[in-house]
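Observations on chain architecture
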Amino acid sequence: MAMQGNRPWMWCLMLALTLAVGWEQGGLLFAESEQVVEVTIKDFKFVTRQGTLRLGFPTVIKVRNEDAERHDFGSTMFEGLPTQVEKDGVIVYGRSVGGVFLDPKRDAVLRFDMSRPGRHEFRCSIHPNMTGELLLLGAEAV
Ligand SMILES: [Cu+2]
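Residues numbered from 1 in each chain as written. Predicted model: local features only at pLDDT ≥ 70, side-chain atom pairs only at ≥ 80, totals over all residues.

1. Concerning the pairing of strand E10 (residues 118–123)
Here strand E5 (residues 71–75) pairs with E10 via 2 bridges, running antiparallel. Each residue of the ladder has a partner; that of Gly74, found in E10, is Arg123. Looking at chain direction, E10 and strand E11 (residues 131–137) are connected through 6 bridges and run antiparallel. Bridged to Glu121 within E11 is Glu133. (Pairing = 2+ DSSP bridges. Helix = DSSP H or I, 4+ residues; strand = E, 2+ residues; numbered from the N terminus.)

2. Focus: the sheet that holds strand E2 (residues 45–50)
One open sheet holds the 6 strands; their spatial order is E2-E1-E4-E9-E6-E7, and the pairing between them is mixed. The open sheet has two free edges, formed respectively by E2 and strand E7 (90–94), since each of these has just one partner strand. Ignoring strand direction, the axes of neighbouring strands in this sheet form an average angle of 20°. Looking at chain direction, strand E6 (residues 83–87) and strand E9 (residues 107–113) are connected through 4 bridges and run antiparallel. Following the sheet pairing, Val85 is matched in E9 by Leu110. (Axes fitted to C-alpha atoms, helices over the stretch in contact; angles between N-to-C directions.)

3. Some thoughts on the nonpolar core
Grouped together as the largest cluster of nonpolar side chains are 14 residues, with contacts concentrated most on Val63, Phe73, Val85, Val100, Leu102, Ala108 and Leu110. For this core, the secondary structure elements donating two or more residues are strand E1 (35–42), strand E4 (58–65), strand E8 (99–102) and E9. Discounting residues that sit within four places of it in the chain, Leu110 has contacts with Ile61, Thr83, Val85 and Val100. (Core = buried A, V, L, I, M, F, W, Y, C linked by C-beta atoms within 7 Å. Buried ≥ 20, exposed ≤ 12 C-beta atoms within 10 Å, placed from the backbone. Contact = placed C-beta atoms within 7 Å.)

4. Describing the pairing of E11
Note: strand E3 (residues 53–54) against E11, 2 bridges, orientation parallel. Counterpart to Arg54 in the pairing with E11 is Leu137.

Written out as structure tokens, the structure reads:
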């Protein structure tokens with residue numbers, strides 16, 4: 001993840017604080033326009049709950065690891081897209097986010113704007129047989 005300035009931690013901390021303060025209002029404001037995908041990791045499998053996902057809309061992927069094992073939610077779907085990752089109370093931004101690692105019983109939230117239609121695969125790099133996918137419709141299909 002690329003950070004600007006010579007004190008990236010400072011920038012990151014300020015951003016995290018700003019977002020934390022504005023969280024309640026922001027959550028309400030964006031509640032209607034965000035499309036949410038819930039991914040639960042359980043028994044070494046991805047269980048995905050998604051509604052119809054449309055292009056160009058703010059998308060939120062909530063990942064929860066229910067296993068007692070560390071897992072990874074990795075995907076190329078974020079490639080080149082500004083992506084916000086919220087994990088363990090810390091929020092970071094990146095443009096080449098490859099995914100997020102989740103310790104047992106932890107969760108993470110990824111936010112970005114879907115911009116490519118089709119099937120988007122995700123997998124766990126620790127357990128390569130763990131895969132899942134999201135289906136994204138073009139705006140014209142809705
Ligand atoms: Cu795994």
